[in-house]
Amino acid sequence: MNQTDKAKAFANLHRKGDPVVLYNIWDAGTAKAVTASGAKALATGSWSVADANGYGDGQQIPMLQLVDIARSIVAATDLPVSIDFEGGYSEDPAATAENVGHVIDTGAVGINFEDQVVGGSGLHTLEAQAARIKVIRAKSDEKRIPFFINARTDLFLKLSDPVRHAPLVDEAIERAAAYAEAGASGFFVPGLSNPDLIGRVCEAVSLPVNIMMRPGMDVTALAGLGVARISYGPGPYRAMIEWLKAEAARVYQQG
């Protein structure tokens with residue numbers, strides 16, 4: 001499949017109640033491993049990619065290095081690939097669109113694009129974030145790729161206590177509507193874990209909803225709530241690192 005066909009196939013995997021499951025990767029090697037395990041699509045996680053290359057999260061890995069990693073992942077698999085592009089490496093809409101253009105040129109079919117102020121505090125205003133999504137969509141249209149913009153809101157991550165999430169749902173739904181109008185393809189709500197609230201978001205939002213897997217969650221249960229995309233974020237990388245540390249410790253302790 002060419003990039004356009006992959007992009008269309010990726011979008012079609014997002015089905016409410018029958019979610020695409022993305023066991024997040026961080027390089028070409030993990031892309032090959034997860035492809036061989038039966039995945040239908042691949043996606044990176046920003047924390048994992050950054051840490052695997054010696055950087056902290058939050059756009060600390062240089063953008064062009066991230067683009068090179070994306071290119072190597074795309075070359076390693078025939079599956080559609082989505083790249084976690086955090087805040088687009090700029091707050092300026094035009095610059096953000098140009099940056100995303102580099103990702104599109106790698107052959108990737110989508111990005112995660114978050115609304116928190118990377119390196120700052122709080123979230124971009126609804127209007128400002130919608131304006132940035134709009135120019136990203138224009139850039140993808142210019143390149144004639146039906147690029148999947150997974151618009152992420154950090155509302156729930158910024159307030160980590162799940163007990164306090166209910167009052168944020170209306171704002172999340174409002175943001176989803178604005179992002180959809182601006183050209184987003186999906187709506188990502190990491191940090192949201194309450195089943196009733198997840199169901200409420202899925203019912204109210206027109207875009208396919210992405211939930212990040214957390215302890216105690218179940219793919220079947222999330223599908224029943226209307227989720228269309230499930231991702232694992234930094235979980236796979238952290239599990240691999242713990243395994244590696246334990247194996248290395250075992251080797252050195254024997255010596």
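Residues numbered from 1 in each chain as written. Predicted model: local features only at pLDDT ≥ 70, side-chain atom pairs only at ≥ 80, totals over all residues. Heavy atoms only, no water.

(A) The packing of helix H8 (residues 169-182) against helix H9 (residues 195-204), seen in detail. One can describe the packing of H8 onto H9 by two numbers: an axis separation of 10 Å at closest approach and a directional angle of 30 degrees. Taken together, H8 and H9 sit at an angle that is classed as roughly parallel. Note on packing geometry: the crossing formed by H8 with H9 is right-handed. Touching Val169, Asp170 and Ile173 of H8 are Leu197, Arg200, Val201 and Ala204, all from H9. Partitioning the contact of H8 with H9 into residue classes produces five nonpolar, no polar and two charged. (Axes fitted to C-alpha atoms, helices over the stretch in contact; angles between N-to-C directions. Helix = DSSP H or I, 4+ residues; strand = E, 2+ residues; numbered from the N terminus. Parallel < 35°, antiparallel > 145°, perpendicular 65-115°, else oblique. Left-handed = near helix turned anticlockwise from the far one by under 90°. Contact = heavy atoms within 4.5 Å. Nonpolar A, V, L, I, M, F, W, Y, C, P; charged D, E, K, R; others polar.)

(B) Spatial organisation of the pattern of salt bridges. Considering all chains together, one arrives at 12 salt bridges under this definition. Asp170 is paired through a salt bridge with Arg200; the nearest N and O atoms lie 2.5 Å apart. Of this pair, Asp170 sits in helix H8 while Arg200 sits in helix H9; the two residues are 30 residues apart in sequence, bridging distant segments of the chain. According to the relative accessible area criterion, Arg200 is partly exposed, its value standing at 35%. One connected set of salt bridges, linked through shared partners, spans Glu98, Lys139 and Glu142. (Salt bridge = Lys/Arg side-chain N within 4 Å of Asp/Glu carboxyl O. Buried < 20%, exposed > 50% of the residue type's maximum accessible area, 1.4 Å probe, protein only.)

(C) Quick look at helix H2 (residues 28-36). Among all positions of H2, only Thr30, Ala31 and Val34 are buried. Buried residues of H2, viewed axially, fall in a sector of 105 degrees; they line one side. Exposed residues lying more than 90 degrees from the buried face of H2 are Lys32 and Ala36. Next to the buried residues of H2 lie strand S2 (42-43) and helix H4 (63-76). Positive backbone phi, approximately 110 degrees, marks Gly38, located one or two places after H2. (Arc of directions from axis to C-beta.)

(D) The arrangement of the layout of surface pockets in detail. Reported here for the largest pocket is a volume of approximately 500 Å³. Along the walls of the largest pocket sit 30 residues, with Asp57, Arg152, Leu157, Met212 and Pro234 positioned nearest its centre. Contributions of two or more residues to the lining of the largest pocket are made by helix H3 (46-52), strand S4 (110-114), strand S7 (209-212) and strand S8 (229-231). By residue number, the principal contributor to the lining of the largest pocket is H3, which donates three residues. Among the residues forming the lining of the largest pocket, the class breakdown is 10 nonpolar, 12 polar and eight charged. (1 Å grid on protein atoms, 1.4 Å probe; cavity = no way out; pocket = protein on both sides within 12 Å on 5 of 7 lines; lining within 4 Å. Points joined across faces, edges and corners; volume = space filled by probe spheres on them.)

(E) Geometry of the packing of aromatic side chains. Counted under the stated rule, the structure contains six aromatic pairs. Chaining the aromatic ring pairs together yields one cluster made of Trp26, Trp47 and Tyr237. Residue placement shows Arg238 over the ring face of Trp47; its charged tip is 4.3 Å from the ring centre. (Phe/Tyr/Trp six-rings, centres within 6.5 Å; stacked < 30°, edge-to-face > 60°. Lys NZ or Arg CZ within 6 Å of the ring centre and 35° of its normal.)

(F) Fine view of the sheet that holds S2. Taken in spatial order, the eight strands make up an open sheet running S1-S8-S7-S6-S5-S4-S3-S2, and their pairing is parallel. Only two strands of the sheet have a single neighbouring strand rather than two, namely strand S1 (20-22) and S2. With three bridges connecting them, S7 and S8 associate as parallel partners. Bridge pairing in S8 places Asn210 opposite Arg229. (Pairing = 2+ DSSP bridges.)

These figures capture arrangement, not role.
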